[in-house]
Amino acid sequence: MTVPAFAAAQSISVAGDIRTNLACHQRFMQAAAEQGVQLLVFPELSLTGYERGLAADLAILPQDAVLQPLRDLARELGLTAVVGMPIRLSADAPVLIGALVLGADGSLGVYSKQHLHPGEEVAFAPGHGGSMLTMGEDHIALAVCADFSHASHAAAAAGQGATLYAAGVLITEGGYVADTTLLQGYARQHAMTVLMANHGGVTGGWESAGRSAIWGPDGSLLAAAPGTGELLVVARRDANGWAGQVVPVTNGG
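Residues numbered from 1 in each chain as written. Predicted model: local features only at pLDDT ≥ 70, side-chain atom pairs only at ≥ 80, totals over all residues. Heavy atoms only, no water.

1. Points about the overall build of the protein
- Looking only at helices and strands, the protein has five helices and 13 strands in total.
- Taken against the 2.2 N^0.38 rule, which gives 18 Å for 253 residues, the C-alpha radius of gyration of the protein at 16 Å falls within 12% of a compact globule.
- Counting only residues that meet the buried cut, the protein has 53% of its 253 residues in that class.
- Considering only contacts within the protein whose residues lie at least 6 apart along the sequence, 64% involve residues at least 24 apart.
- Here the protein has roughly 10000 Å² of accessible surface; of this, 53% comes from carbon and sulfur atoms.
- For the protein, the distance from the average position of its 11 positive side-chain charges to the average position of its 21 negative side-chain charges is 2 Å. (Helix = DSSP H or I, 4+ residues; strand = E, 2+ residues; numbered from the N terminus. Rg over C-alpha atoms; globule rule 2.2 N^0.38 Å. Buried < 20%, exposed > 50% of the residue type's maximum accessible area, 1.4 Å probe, protein only. Contact = heavy atoms within 4.5 Å. Areas by Shrake-Rupley, 256 points an atom, 1.4 Å probe, with all protein chains shown as cover. Lys, Arg positive; Asp, Glu negative; His and termini not counted. Charge placed at Lys NZ, Arg CZ, Asp CG, Glu CD.)

2. Some points on the nonpolar core
- In terms of nonpolar packing, the biggest core is built from 54 residues, with Leu39, Ile140, Tyr165 and Leu195 touching the most fellow members.
- Contacts of isoleucine 140, omitting those with residues within four sequence positions, involve Phe6, Leu39, Met132, Leu133, Met135, Leu164 and Ala166.
- Cys24, Leu40, Ala81 and Met85 belong to the second-largest nonpolar core, a separate cluster that totals 33 residues. (Core = buried A, V, L, I, M, F, W, Y, C linked by side-chain atoms within 4.5 Å.)

3. Quick word on the UniProt feature "domain: CN hydrolase" (unreviewed entry) in the protein
- This chain's UniProt record puts "domain: CN hydrolase" (unreviewed entry) on residues 4-239.
- With 25% helix and 28% strand, the stretch residues 4-239 has end C-alpha atoms that lie 11 Å from each other. (UniProt positions renumbered as here; feature names shortened; annotations may be inferred.)

4. Notes on the packing of helix H1 (residues 18-34) against helix H3 (residues 68-77)
- It is at 10 Å that the axes of H1 and H3 come closest, and there the two elements cross at 5°. By the angle between their directions, the pair H1 and H3 is classed as roughly parallel. Here H1 contributes Leu22, His25, Gln26, Met29, Gln30 and Ala33 to the contact with H3, which in turn contributes Pro69, Leu70, Leu73, Ala74 and Leu77.
- Grouping the constituent residues of the contact of H1 with H3 by class yields eight nonpolar, three polar and no charged. (Axes fitted to C-alpha atoms, helices over the stretch in contact; angles between N-to-C directions. Parallel < 35°, antiparallel > 145°, perpendicular 65-115°, else oblique. Nonpolar A, V, L, I, M, F, W, Y, C, P; charged D, E, K, R; others polar.)

5. Some words on the pattern of salt bridges
- Scanning the entire structure with this criterion turns up five salt bridges.
- Among the salt bridges present, the one from glutamate 44 reaches lysine 113, with a minimum N-O distance of 2.6 Å. Separated by 69 residues along the polypeptide, glutamate 44 in the loop between strand E2 (39-41) and helix H2 (55-58) and lysine 113 in the loop between strand E5 (108-112) and strand E6 (133-135) bring together distant segments of the chain. We note that glutamate 44, like lysine 113, is buried.
- Notably, a salt bridge pairs arginine 211 with glutamate 173, separated by 2.4 Å at the nearest N-O pair. A residue pair is termed long-range when its members are at least 10 positions apart, and arginine 211 in the loop between strand E9 (193-198) and strand E10 (213-215) and glutamate 173 in helix H5 (residues 173-190) qualify at 38 residues.
- Salt bridges sharing common partners tie together Glu44, Lys113 and Glu120. (Salt bridge = Lys/Arg side-chain N within 4 Å of Asp/Glu carboxyl O.)

6. Here we look at the packing of aromatic side chains
- Overall, the coordinates contain three aromatic pairs when judged by the stated rule.
- Relative to tryptophan 242, the ring of phenylalanine 6 has its centre 6.1 Å away and its plane inclined at 35°; by these criteria the two rings are tilted. A residue pair is termed long-range when its members are at least 10 positions apart, and phenylalanine 6 in strand E1 (residues 5-10) and tryptophan 242 in strand E13 (residues 241-248) qualify at 236 residues.
- The class for tryptophan 242 is partly exposed, based on a relative accessible area of 22%. (Phe/Tyr/Trp six-rings, centres within 6.5 Å; stacked < 30°, edge-to-face > 60°.)

7. What to know about the sheet that holds strand E8 (residues 164-169)
- On the basis of which strands lie adjacent, the open sheet formed by six strands has the order E6-E7-E8-E9-E10-E11 and mixed pairing. Bordering the open sheet on either side are E6 and strand E11 (221-224), each of which pairs with just one other strand. Put simply, the sheet's adjacent strands are angled 20° from each other on average, direction ignored.
- In this sheet, E9 lies alongside E8 in parallel orientation, the contact comprising six bridges. By the bridge assignment for E9, glycine 168 is matched with alanine 197.
- Packed onto the sheet, H5 meets E8, E9 and E10 and runs at close to 155° relative to E9. (Pairing = 2+ DSSP bridges.)

8. Some words on H5
- Compared with the 26 Å implied by 1.5 Å per residue over 18 residues, the 26 Å span of H5 between its first and last C-alpha is a close match.
- Of all the positions in H5, only Tyr176, Thr180, Leu183, Tyr186, Ala187 and His190 are classed as buried.
- Elements in contact with the buried residues of H5: helix H4 (151-159), E8, E9 and E10.
- In the segment just after H5, alanine 191 is the residue with positive phi, at about 50°. (Expected span 1.5 Å × (residues − 1).)

9. Brief notes about the sheet that holds E1
- Ordered by their spatial adjacency, seven strands build an open sheet running E5-E4-E3-E2-E1-E12-E13, and the pairing between neighbours is mixed. Looking along the sheet, the strands with just one partner apiece sit at the ends: E5 and E13. Each adjacent strand pair in this sheet contributes to an overall mean axis angle of 25°, direction not counted.
- Where H1 meets the sheet, its contacts fall on E1, E2, strand E3 (80-87) and strand E12 (231-238), and the angle it forms with E12 comes to roughly 35°.

Here's what the structure looks like:
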């Protein structure tokens, strides 16, 4: 049986440039596949950057053809990728902060951010969450940034049997300690692995802290990026427990 491997993609988004960001996502997916990763989680709004002012113009319906190259690649690589994008659930619906699940089996899942950060309401409406993912023996609950600042969100995931709580985020240096303390606490309290995929560079005028991380179900830090830049943070579980590593992702693949 394949050793389960999950990864946070610490990618850098170019503001509003979906074509360039798609190519970046493809590089990360290829690099993750080379590491045997089955689930790859990107930061909040990874395909557009955290650009509130552009969100309404860039928002897509989840089935939009713009995602097809990533969906095809996910299937080809046997990898499930969770990518960030502003979405509308119908043509005249409000804009949501989406995390789209591009399944290794060709499926498409939709998660939308439930809890907005102060100031996001000018561009986005609160979303509806989404279904848990099942991969082998693992049950994965998704979160987008401010979702995890509500303890009830992580508790609900644990109550539904989540073994992995995976969050795509934008966290700056000023919020990093408080936010990672919360996430590490959820790992320990709920005995579930916690993954945090942060941006690798500036986005939306915010200086991301990078330092994406994964904590084991006992709260121990399995792996963390040392700073900003484009990196994969990978965690694997085998009969001996969990192990983590950090892998650079270059333009060469």
